[in-house]
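# Examination of the molecular architecture
The primary structure of each chain is shown beneath.
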Amino acid sequence: MTSAATAPAPDAESDDTINGQRVYGCELIQQMGIMLALPQVGIATAQVMFHRFYARRSMRRFDVRHVATGALFLATKVEECPRKVRDVLGCFQHLLSKRAGKRPVPLDIFSQDYANLKDKLIRAEREILKELGFILYSEHPHKFILNYVKLLAPSKEQEHALAQAAWNFINDSQRTDACIKFAPEAICCAAIWFAARTLGIRLPSDASPPWWELFDTQRQDMDAVVQMVTDLYMRPRARFVKLDPPPKPAAPPAAPPAAPPRRRSAAARRRCRRQSAAVAAAPPTPPRAARTRPSGWRSVRRTSTWAAATRSRPRDGRARHRNRRRGRARSRAASRASAPRARPAPPSRRSLRRTSFGRAERTRPPGRAPAAPC
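In this text the structure is predicted, and so the values were computed from the model without any measurement.

### Some thoughts on the overall build of the protein
Scanning the protein from terminus to terminus reveals twelve helices and two strands. The secondary structure elements of the protein, listed N-terminal to C-terminal, are α-α-α-α-α-α-α-α-α-α-α-α-β-β. Out of the 374 residues belonging to the protein, those deemed buried represent 33%. Look at the contacts in the protein between residues 6 or more apart in sequence, and 72% of them connect residues 24 or more apart. If you sum the accessible surface of the protein, you get close to 26,000 Å²; carbon and sulfur atoms cover 54% of it.

Written out as structure tokens, the structure reads:
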């Protein structure tokens, strides 16, 4: 059996193709969960995530195989039964090879194929988290089945068989989108009713009120769930169908060509010529008067070429203050250079002596008494 087929045209695509892809993705999740020894709650959580994701996104844009793998990998974290990425991808590659009729080959974790599959797995997990808004909690009908069967089974001998048949019905219903359309109590009651009809076990249906109303379930919901699972049993084996990508949106119409620039009138052209002639005939602007600075400053003639004759002005206040400090320092240095040098003061009459520790210590000259305290 081939692993992929070409889908019909987008307009000819039917709901049967979409339902077949849903069934294929859920079967892939179920088989990978069995190979990874996951509990049924983890597998059911992955299938619910799968249905919730495709209730909002298109199968044309996201491949059901990679989304199913990403949903299972995410469900292992939610249900606290984590598995390694290489184990999940190894099971995925094994199932794809078997469905394609090829001999399964172990996946090399150092190959480029493994890197590509891992990248697609992480991308699918990220898309699921983003689309579901990180709301990953889901309630399954599996937790109600045993309590309901204990209340409805006529005897202890029939209780186990009824519970097992209803459990199988619930697992099969996870391949449809009934888990996101109906409450878990309704699916559980429908499973018990279908299992009792299959095994020929009589339930207390003549009681008033009926037994399903005790579990807050309507008969119409039960019939709808049973009909969906019955249609699933009548379908052929699901296979992967490669859907065409969504058509690209039509390009916006091209803008009309811009109109050529309008030519100015003769009066406007004459006015421009008169203005240009007046500017050319105007006398040049006289330069500014020379500006002198105090001694020590470099004299710069302020002319029309001020920016070219001087250094570029600083752009920030810190550089401006730094230049001012340097100018003041140069001015003080020039003033000291031009002023007469004063004679240094004579040294004091104190002497220095060397202590035993080799430290210079100032002492008073001998014969001078210390000053009296005030």
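### A few points about the nonpolar core
As a rule of thumb, nonpolar side chains are buried together in soluble globular proteins. Of all hydrophobic cores here, the largest spans 44 residues; its most connected members are F50 and Y54. Of all the secondary-structure elements, those providing two or more residues to this core are α1 (15–35), α2 (40–54), α3 (64–78), α4 (85–99) and α5 (112–132). No other element matches the eight residues that α3 contributes to this core. Setting aside residues no more than four positions away along its own chain, Y54 makes contact with R22, M59, F62, D63, V64 and V67. By size, the runner-up hydrophobic cluster in this structure holds 32 residues, among which are F144, A153, I187 and V226.

### Here we look at the packing of α1 against α4
Here α1 crosses α4 at 120°, and the two axes come no closer than 10 Å. One way to sum up the angle between α1 and α4 is to call them oblique. When the axes of α1 and α4 are compared, the crossing they make is right-handed. Here Y24, E27, L28, Q31, M32 and M35 of α1 come into contact with α4, specifically with V88, C91, F92, H94, L95, L96 and R99. Partitioning the contact of α1 with α4 into residue classes produces nine nonpolar, two polar and two charged.

### Some details on the pattern of salt bridges
In this structure the tally under the stated criterion is 14 salt bridges. The salt bridge involving E131 is made with R56; its shortest N-O contact spans 2.7 Å. Here E131, found in helix α5, pairs with R56, found in the loop between α2 and α3; they are 75 residues apart in sequence, far enough to count as distant. Note on R56: relative accessible area 59%, which makes it exposed. A cluster of three or more residues bridged by salt bridges with shared partners is formed by R56, R57, E127, K130 and E131.

### Let's talk about the packing of α1 against α3
For the pair α1 and α3, the least separation of the axes is 9 Å and the interaxial angle reads 40°. Between α1 and α3, the angle falls in the class oblique. The crossing of α1 and α3 is right-handed. Across from Q21, Y24, G25, L28, I29, M32 and G33 in α1, the residues of α3 making contact are V64, R65, A68, T69 and L72. Residue classes in the contact of α1 with α3 are distributed as seven nonpolar, four polar and one charged.

### Concerning the packing of aromatic side chains
The relation between two aromatic rings is expressed through the spacing of the ring centres and the mutual angle of the planes. One pass over the full model with this rule turns up ten aromatic pairs. Relative to F240, the ring of Y24 has its centre 5.9 Å away and its plane inclined at 45°; by these criteria the two rings are tilted. With Y24 in helix α1 and F240 in the loop between α9 (219–233) and α10 (266–281), this pair connects stretches of sequence that are 216 residues apart. Like Y24, the residue F240 is buried in the burial classification. When the ring of F50 is compared with that of Y54, the centres are 5.0 Å apart and the planes differ by 70°; the resulting orientation is edge-to-face. With F50 and Y54 both in helix α2 and four residues apart, the pair spans about one turn of that helix. Each of the two residues, F50 as well as Y54, counts as buried. An aromatic cluster of at least three residues, connected via ring pairs, comprises F144, Y148, W211, W212 and F215. Over the aromatic face of F240 sits the side chain of R65, whose NZ or CZ is 4.0 Å from the ring centroid. In this arrangement the basic side chain of R219 is found over the ring face of W212, its NZ or CZ atom lying 5.1 Å from the centre.

### Overview of α4
Its 15 residues place the ends of α4 21 Å apart at the C-alpha level, agreeing with the 21 Å of an ideal helix rising 1.5 Å per residue. By the burial criterion, the buried members of α4 are V85, V88, L89, C91, F92, L95, L96, S97 and R99. Lining the buried residues of α4 we find α1, α3 and α5. One or two positions beyond α4, positive phi appears at G101, with a value near 75°.

The rules behind these values
Residues numbered from 1 in each chain as written. Predicted model: local features only at pLDDT ≥ 70, side-chain atom pairs only at ≥ 80, totals over all residues. Heavy atoms only, no water. Helix = DSSP H or I, 4+ residues; strand = E, 2+ residues; numbered from the N terminus. Buried < 20%, exposed > 50% of the residue type's maximum accessible area, 1.4 Å probe, protein only. Contact = heavy atoms within 4.5 Å. Areas by Shrake-Rupley, 256 points an atom, 1.4 Å probe, with all protein chains shown as cover. Core = buried A, V, L, I, M, F, W, Y, C linked by side-chain atoms within 4.5 Å. Axes fitted to C-alpha atoms, helices over the stretch in contact; angles between N-to-C directions. Parallel < 35°, antiparallel > 145°, perpendicular 65-115°, else oblique. Left-handed = near helix turned anticlockwise from the far one by under 90°. Nonpolar A, V, L, I, M, F, W, Y, C, P; charged D, E, K, R; others polar. Salt bridge = Lys/Arg side-chain N within 4 Å of Asp/Glu carboxyl O. Phe/Tyr/Trp six-rings, centres within 6.5 Å; stacked < 30°, edge-to-face > 60°. Lys NZ or Arg CZ within 6 Å of the ring centre and 35° of its normal. Expected span 1.5 Å × (residues − 1).

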